[in-house]
Amino acid sequence: MGRRTPLYQQHLEAGARTVDFGGWDMPVHYGSQIEEHHAVRRDAGMFDVSHMCVVDIRGPGSRAFLSRLLANDVARLAAPGKALYTCMLREDGGVLDDLIVYFLEEGLFRAVVNAATADKDIAWMSRHAGEHGVEVIPRRDLAIVAVQGPNARDKTAGALPADCRAPALALEPFFAVRCGDWFVGRTGYTGEEGFEVVLPAVEVAGFWTALATAGVRPCGLGARDTLRLEAGMNLYGSDMDESVTPLESGLAWTVAMKDQREFLGRQALEAQKAAGVPRKLVGLLLEDRGVLRAHQKVRVEGLGEGELTSGTFSPTLERSIGLARVPAGTSGRVQVEIRGKLLAARVVKPPFVRHGKAQIEL
Amino acid sequence: MSNLPGDLRYTKSHEWVRALPDGSVEIGITDHAQNALGDLVFVEVPESGRQVAAGDPFAVVESVKAASDVYSPVSGEVLAGNDALATQPELVNQEPYGQGWIARIRPSSAASIESLLDAAQYQEHLVSEA
């Protein structure tokens, strides 16, 4: 038996089929993954993501600490509530995790890290925290619900504490606001509008029920995966891990190297840049019939081989899409080996879908 | 509960077999199998004329999440694959024992389907797997 979030019983009562995800028993779907996917693209869906871990970083040295710890630059977080997407790297440039960090107030930041990597992340953070005199505080007393879709913010507002509604609806994209023990961010992992709500675990059952009453559809991790892939967002453990750098993972845009900031992993990235980054992560659209899946081989004429890191059937496009790590010079058309056959795929620039609409030529 | 028609034969790998009057058989996957797989988005059916042996993977069903092999319950020659599944894979979810059939085969031995499970035996198998 895996670990369970405070909503586990509600998931079972709603007909969830559960799977192990990073050591947690999580809903994969509640009947139809495709209908859940469409609910998020067309209306509003909610995900229990309480398996992810909130980590507060507290102390006067917290900004300097995060400036050293993270590949993106927390100097970009000037306004309270602002969020930043970043990788946390090993000294050799390998990706330990990707995470979002929020600036709450001077001396207090909040990170949200992946479930499967949480223990490793916290140990790594704590190891480097000492020299900066900051506290690394895992917040397993908190739950997280993501509400996503064109109608998500409207439908969520009524389920928030009264004093939270107006500030939440006034949020700019990629900002968050605190109201008491609640924390509402205008962020997400689907390519749609919405909120990610962090709240006391003891209050999440009531919030989930209120959202369901407001017409928000429960969605499992299956739909979350097809939505994030359509949105061209990486999944840690599939599209990148400790064996690759952000530069080989389509994440160069998250690495701030313009000034001389000495973040962990910088030297390795500079060395890789100087030598030439050998591989890159690209989007693929399958032109033949079939379904792209992680670990399928990609053949690139004249350049060698690559590999799918994620692949699925896109419910929005009704085509198969994927992300693949391929030789740096790859462009145009490639071949993907599926059950012994070579099928044609086209290199495209993610995202595949944003706000319900195709972003690539089909 | 799974829907298990009494006039069909079954395999432990969750295929069903229907004996047709001309001696050929129709093959599909069971209601239990389609439910476990979830929404199907792609089905690869065998080409007619192909010789298959009992236990060979001869078709593939893919849900949003994963690909699964379908094993031929009998040895013989493929007479037809269900081409409707190319554009409507969801037929397997909607009518696993009807329009969602996967292939028709002429068995090399008429007796070969007698050794397959009947509905009660397949039901027992499902219980033992649960």
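Going by the structure above, here's the rest.
Residues numbered from 1 in each chain as written. Chains lettered and ligands numbered in written order. Predicted model: local features only at pLDDT ≥ 70, side-chain atom pairs only at ≥ 80, totals over all residues. Heavy atoms only, no water.

Before we go on, may I ask you to explain the interface of chain A and chain B in this structure?
How big an interface is tends to be stated in terms of accessible area lost as the parts join. Contacts between the two partners involve 14 residues from chain A, matched on the other side by 15 residues from chain B. Contact between chain A and chain B buries roughly 1,400 Å² in total, counting both sides, with carbon and sulfur atoms accounting for 46%. By the criterion of area lost to chain B, the three top residues of chain A are Arg 289, Arg 293 and Arg 339 of chain A, representing 42% of everything that side buries. Run the count over chain A and chain B and you get five salt bridges. Close ionic contact of Asp 225 of chain A with Lys 65 of chain B constitutes a salt bridge, the shortest N to O distance being 3.8 Å. Within the residue set of the side of chain A that touches chain B, elements represented by two or more residues are helix H2 (33–42), helix H8 (221–230) and strand E16 (304–314) of chain A. (Contact = heavy atoms within 4.5 Å. Buried area = accessible area lost by both parts, 1.4 Å probe. Salt bridge = Lys/Arg side-chain N within 4 Å of Asp/Glu carboxyl O. Helix = DSSP H or I, 4+ residues; strand = E, 2+ residues; numbered from the N terminus.)

I tried to follow the sheet that holds strand E13 (residues 217–218) of chain A on my own but got confused; where do I start?
Two pairing modes exist for strands in a sheet, parallel and antiparallel, and in both the strands are linked by backbone hydrogen bonds. Residue and element names in this part refer to chain A. Read across the open sheet, the six strands follow the order E10-E11-E12-E9-E3-E13; overall the sheet is mixed. In the strand order of this sheet, the two ends are held by strand E10 (176–179) and E13, each with one partner. When strand E11 (residues 182–185) meets strand E12 (residues 194–200), the two strands line up antiparallel, connected through three bridges. Across the sheet, residue Gly 185 finds its bridge partner in E12, namely Glu 196. Lying on the sheet, helix H7 (residues 204–213) is in contact with strand E3 (45–48), strand E9 (142–148), E11, E12 and E13; it crosses E9 at an angle near 15°. (Pairing = 2+ DSSP bridges. Axes fitted to C-alpha atoms, helices over the stretch in contact; angles between N-to-C directions.)

How should I be thinking about the environment of Gly 332 of chain A in this particular structure?
Residue and element names in this part refer to chain A. Mapped onto the secondary structure, Gly 332 falls in the loop between strand E17 (319–327) and strand E18 (333–338). Residue Gly 332 is classed as partly exposed on the basis of its relative accessible area of 38%. Once the C-alpha coordinates of Gly 332 and Arg 299 are considered, the two residues, 33 residues apart in sequence, prove to be 12 Å apart. For Gly 332, the residues in contact, after removing those within four places along its chain, are Ala 345, Arg 346 and Val 347. (Buried < 20%, exposed > 50% of the residue type's maximum accessible area, 1.4 Å probe, protein only.)

How should I be thinking about the pattern of salt bridges in this particular structure?
Two side chains that carry opposite charge are able to pair once their charged atoms sit near each other. Here the structure, examined in full by the defined rule, presents 31 salt bridges over all chains. The salt bridge partner of Arg 139 of chain A is Asp 56 of chain A, with a shortest N-O separation of 2.8 Å. In this pair, Arg 139 of chain A sits in the loop between strand E8 (135–138) and E9 while Asp 56 of chain A sits in strand E4 (residues 53–58), placing the two residues 83 residues apart along the sequence. The exposure class assigned to Asp 56 of chain A is buried, which follows from its relative accessible area of 3%. Put simply, Arg 293, Arg 339 and Lys 341 of chain A together with Glu 44 and Glu 62 of chain B are held in one network by salt bridges that share partners.

Looking at this model, I keep getting lost on the pairing of E9 of chain A. Mind explaining?
For a regular strand, side chains alternate in direction, first toward one face of the sheet and then toward the other. Residues and elements named next belong to chain A. Among the seven residues of E9, seven are classified as buried, and the element is accordingly described as predominantly covered. Burial along E9 is two-sided: Leu 142, Ile 144, Ala 146 and Gln 148 facing one way and Ala 143, Val 145 and Val 147 facing the other are all buried. Inspection of the sheet shows E3 paired to E9 by four bridges, in the antiparallel sense. For Met 46, the partnering residue across the bridge sits in E9 and is Val 147. Looking at chain direction, E9 and E12 are connected through seven bridges and run antiparallel. By the bridge assignment for E12, Leu 142 is matched with Pro 200.

Hey, could you run me through the packing of aromatic side chains in this one?
Two measures describe an aromatic ring pair: the distance that separates the ring centres and the angle between the ring planes. Residues and elements named next belong to chain A. If you walk through the whole model with that rule in mind, you get six aromatic pairs over all chains. With centroids separated by 5.8 Å and ring planes inclined at 20°, the aromatic side chains of Tyr 85 and Trp 253 adopt a geometry described as stacked. Placement of the pair is Tyr 85 in strand E5 (residues 83–89) and Trp 253 in the loop between H8 and helix H9 (266–275), with a sequence separation of 168 residues. Tyr 85 sits in the buried class, given a relative accessible area of 16%. On the basis of relative accessible area, Trp 253 is assigned to the exposed category, the value being 61%. A ring pair is formed by Trp 182 and Phe 207, whose centres lie 5.2 Å apart and whose planes are at 85°; its orientation type is edge-to-face. Of this pair, Trp 182 sits in strand E11 while Phe 207 sits in helix H7, placing them 25 residues apart in sequence. An identical accessibility class is assigned to Trp 182 and Phe 207; each is buried. (Phe/Tyr/Trp six-rings, centres within 6.5 Å; stacked < 30°, edge-to-face > 60°.)

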